[in-house]
Amino acid sequence: TSAQIGVTGLAVMGRNLARNFARNGYTVAVHNRTVSRTQALMDEFGHEGDFVAAESAKEFVAALERPRRLVIMVKAGGPTDAVIHEFAPLLESGDMIIDGGNAHFEDTRRREKELRDRGIHFVGTGISGGEEGALHGPSIMPGGSGESYASLGPMLEKIAAKAPDGAPCVTHVGPDGAGHFVKMVHNGIEYADMQLIAEAYQLLRDVGGYSPRQIADIFRTWNQGRLDSYLIEITAEVLSHQDAMTDEPFVDVVQDQAEQKGTGRWTVQIALDLGVPVSGIAEAVFARSLSGHTDLRKASRGLAGPKAQPLDRDEAGRFADQVEQALYASKIVSYTQGFHEIAAGSQEYGWDIDLGAIASIWRGGCIIRAAFLDRIRTAYDARPDLPSLLADQGFAREIGTAQDDWRAVLVAATQQGVPTPGFSAALAYYDALRAERLPAALTQGQRDFFGAHTYRRTDREGSFHTRWGGDRAEVSA
Ligand code: NDP
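Residues numbered from 1 in each chain as written. Predicted model: local features only at pLDDT ≥ 70, side-chain atom pairs only at ≥ 80, totals over all residues. Heavy atoms only, no water.

Visitor: Now, about a positive patch on the surface: what can you tell me, with residues and values included?
Guide: A cluster of basic side chains, namely R33, R37, K75 and K261, defines a positive patch on the protein surface. By secondary structure assignment, the location of R37 is in helix α2 (residues 35–45). (Patch = residues over 30% accessible without salt bridge, like charges linked within 9 Å, V, L, I, M, F, W, Y side chains within 5 Å. Areas by Shrake-Rupley, 256 points an atom, 1.4 Å probe, with all protein chains shown as cover. Salt bridge = Lys/Arg side-chain N within 4 Å of Asp/Glu carboxyl O. Lys, Arg positive; Asp, Glu negative; His and termini not counted. Charge placed at Lys NZ, Arg CZ, Asp CG, Glu CD. Helix = DSSP H or I, 4+ residues; strand = E, 2+ residues; numbered from the N terminus.)

Spelled out as structure tokens, the structure:
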């Protein structure tokens, strides 16, 4: 038998992806460096569909129909290069290597180029949805050539999650590294979403005086409305969970140091290079980093803070509604920033990414799936050249309606000493963008003063310099 697709790397992701292909009727060749993993897959799930177990790379490649489609699901970085170097010499012109790991898009660009020179299609593919998504339908973000997508697309459409309207959550994102770039920004937005939800939780607890269980109920209510999303849903689950050992709320027995694997950090690093202000995503990455600095936190514990003034019941109820507004408004801002970064990346690398299609494939399967994404899709479909999500009338209206409550929440947070880096950065971005004049004019004056860096005038073309150290006359630069 010849397999239509092969998966090498059978840890949690690869194993479930292979099962997903098999459950959809494909014959799947499976391979793993350590053979026992392949054997375990066959023993446990071999009955689910048509698998061809391969012990060696040669056997694996021989099991695939041509042109070959070979999915790599191994640790990103060095291991991915090692696996490519193992398989590439065994492949022929027209074959496809699909890297479904969390690769950095620059690595994907490099690998794609190297393999293209040998006639092999390298398809860097972002896959989101974790273990469960891989099995039941992830959101899939493939890059690479259009030719490879013509061959792979129908298979990916079968195994992908389906959005509420039935559309498969996969699209050809663009050439070379486009898919991994978009997956990177997806994860950056995910960091921001999580941070904003965490801030909402802490405000409800410390300012509103609610218990974790009560907050879970508030989140469940929110999940019926415009905040309807996977992350809000699981947040309610986590908050209502009670630790069996201590009978305390689970959130109170977990160490408050958030970890990260790097995709959020990459999103910010690349944004800095592209000159895109992703302040909300950056604050989310920094918040995790700050939480991990235990020594610094310990050393700062005695610092003065405000006296807490607990709200009464009615006030707390009103406050919870305001926090919903603040969370929604901040969420609009972090998506605005994330989509800006995708647009900038697309421009820089010539990817021609369809932003509406990206919003569409994030509606199901992935971690940030949410009703909200349908709105974003509609906004870009109506106006593909939308310069910013905030320029969409619908979002502008909603954020305008939310702004008073958003500000009130930040006043309360500041007065009570609750840190809200995500909410605050989002509001600062919003206020800066809508400002008639920014103090950047003063910054330009300072730069010209100490470094003769010149400035432009509002009323005349050209660059100018003021002779600050001399007669203070203005000269054309
Ligand atoms: P891991 O990232 O833990 O990787 C383990 C797999 O990599 C094993 O199959 C292992 O083989 C193989 N491997 C490691 N080094 C080598 C090497 N030098 N040569 C050959 N094989 C090697 O597995 P996951 O399933 O968690 O993730 C796979 C990929 O998917 C990663 O890139 C990850 O970032 C990405 N991803 C993960 C998600 C998740 O939720 N876990 C979500 C989305 C993407 P062996 O058994 O022989 O050790």
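Text resumes after the structure shown.
Visitor: I'd love a proper account of the site of the ligand, names of residues and values included.
Guide: For the ligand, the set of nearby residues contains 20 residues, the closest of which are M13, N32, T34, R37 and V74. Between an oxygen atom of the ligand and a main-chain N or O atom of M13, the distance comes to 2.9 Å. Isolated, the ligand exposes 900 Å² of accessible area, and the fraction of that covered by the protein chains is 77%. Secondary structure elements with two or more residues in the shell around the ligand: α1 (12–23) and α4 (78–87). Split into classes, the residues belonging to the shell around the ligand amount to 10 nonpolar, six polar and four charged. (Near = heavy atom within 4 Å. Polar contact = N/O pair within 3.5 Å; in protein donor to acceptor, adjacent residues only side chain to side chain. Nonpolar A, V, L, I, M, F, W, Y, C, P; charged D, E, K, R; others polar.)

Visitor: An account of the layout of surface pockets is needed here, citing residue identities and associated values.
Guide: Empty space within the second largest pocket amounts to approximately 380 Å³. A441, Q444, Y455, R456 and R457 are, among the 13 residues lining the second largest pocket, the residues nearest its centre. Mapped by element, the contributors of at least two residues to the lining of the second largest pocket are α20 (440–451) and β8 (455–456). The leading source of residues in the lining of the second largest pocket is α20, at four residues. Classifying every residue of the lining of the second largest pocket gives five nonpolar, five polar and three charged. (1 Å grid on protein atoms, 1.4 Å probe; cavity = no way out; pocket = protein on both sides within 12 Å on 5 of 7 lines; lining within 4 Å. Points joined across faces, edges and corners; volume = space filled by probe spheres on them.)

Visitor: Describe the nonpolar core, with residues and values.
Guide: In globular proteins that are soluble, nonpolar side chains generally tend to be buried together. F219, F339, W362, I376 and W406 are the most contacted members of the largest nonpolar core, which has 89 residues in total. Of all hydrophobic cores here, the second largest spans 28 residues; its members include L17, A22, F45 and A160. (Core = buried A, V, L, I, M, F, W, Y, C linked by side-chain atoms within 4.5 Å. Buried < 20%, exposed > 50% of the residue type's maximum accessible area, 1.4 Å probe, protein only.)

Visitor: Outline the packing of aromatic side chains, listing residues and values.
Guide: One pass over the structure, following the stated rule, counts 16 aromatic pairs. Ring geometry for Y335 versus F372: centroids 5.0 Å apart, planes at 80 degrees, classification edge-to-face. With Y335 in helix α15 (residues 313–349) and F372 in helix α17 (residues 372–382), this pair connects stretches of sequence that are 37 residues apart. Both residues of the pair, Y335 and F372, belong to the buried class. Taken together, F105, F181, Y349 and W351 form an aromatic cluster joined through their ring pairs. R226 extends its terminal NZ or CZ atom over the ring of Y328, reaching a point 4.0 Å from the ring centre. Over the face of the ring belonging to F395 we find R375, whose NZ or CZ atom lies 4.6 Å from the ring centre. (Phe/Tyr/Trp six-rings, centres within 6.5 Å; stacked < 30°, edge-to-face > 60°. Lys NZ or Arg CZ within 6 Å of the ring centre and 35° of its normal.)

Visitor: Any chance you could break down the sheet that holds strand β10 (residues 474–476) for me, citing the residues and the numbers?
Guide: With antiparallel pairing, the three strands of this open sheet are ordered in space as β8-β9-β10. Strands with a single pairing partner mark the edges of an open sheet, and in this sheet they are β8 and β10. Direction of pairing for strand β9 (residues 463–466) relative to β10: antiparallel, over a ladder of three bridges. Looking at the pairing, F464 lines up with S476 of β10. (Pairing = 2+ DSSP bridges.)

Visitor: A description of empty space enclosed by the protein should follow, citing residues and the corresponding values.
Guide: In total, this model carries three cavities of 30 Å³ or more according to the counting rule given. What the largest cavity holds in volume is close to 70 Å³. Residue lining of the largest cavity: 13 residues in total, with D193, I197, S229, I232 and K331 positioned closest to the centre. Looking at the lining of the largest cavity, the elements with two or more residues in it are α8 (178–206), α10 (230–240) and α15. Looking at the lining of the largest cavity, its residues break down into nine nonpolar, one polar and three charged. Considered as a void within the structure, the second largest cavity measures approximately 60 Å³ in volume. Lining the second largest cavity, in full, are L17, F21, V71, I98, T125, I127, I140, L156 and I159. When contributions to the lining of the second largest cavity are tallied by element, the ones reaching two or more residues are α1, β6 (121–128) and α7 (146–159). A breakdown of the residues in the lining of the second largest cavity according to their chemical character gives eight nonpolar, one polar and no charged.

Visitor: Requested: an account of the environment of E86, with residues and values cited.
Guide: Tracing the chain through its elements places E86 in helix α4. Judged by its relative accessible area of 40%, E86 falls in the partly exposed class. Along the primary structure E86 and S2 are separated by 84 residues, whereas in three dimensions their C-alpha atoms are 21 Å apart.

Visitor: How would you sum up the confidence of the model for the protein? Please name residues and give values.
Guide: When the pLDDT values of the protein are averaged, the result is 97; 100% of them are 70 or greater. Reported for the predicted complex are a pTM of 0.97 and an ipTM of 0.97. (pLDDT = per-residue confidence, 0-100.)

Visitor: Could you give me a rundown of the environment of D95, with the residues and numbers involved?
Guide: Here D95 is to be found in the loop between α4 and β5 (96–99). In the structure, D95 is positioned 27 residues away from R68 in sequence and 4.7 Å away in space, judged by C-alpha atoms. Contact partners of D95, with chain neighbours within four places excluded, come to P67, R68, G119, I120 and H121. One polar contact links the side chain of D95 to the main-chain amide nitrogen of E92, over a distance of 2.8 Å. (Contact = heavy atoms within 4.5 Å.)

Visitor: Explain the pattern of salt bridges to me, and be specific about the residues and the numbers.
Guide: For the structure shown, the criterion picks out 33 salt bridges. Among the salt bridges present, the one from R110 reaches E114, with a minimum N-O distance of 3.9 Å. A residue pair is termed a helical-turn pair when its members lie 3 or 4 positions apart in one helix, as R110 and E114 do in helix α5 (residues 105–116) at four residues. By relative accessible area, E114 is classed as partly exposed at 39%. Among the ionic contacts, a cluster of salt bridges with common partners joins D81, D99, D107, R110, R111 and E114.

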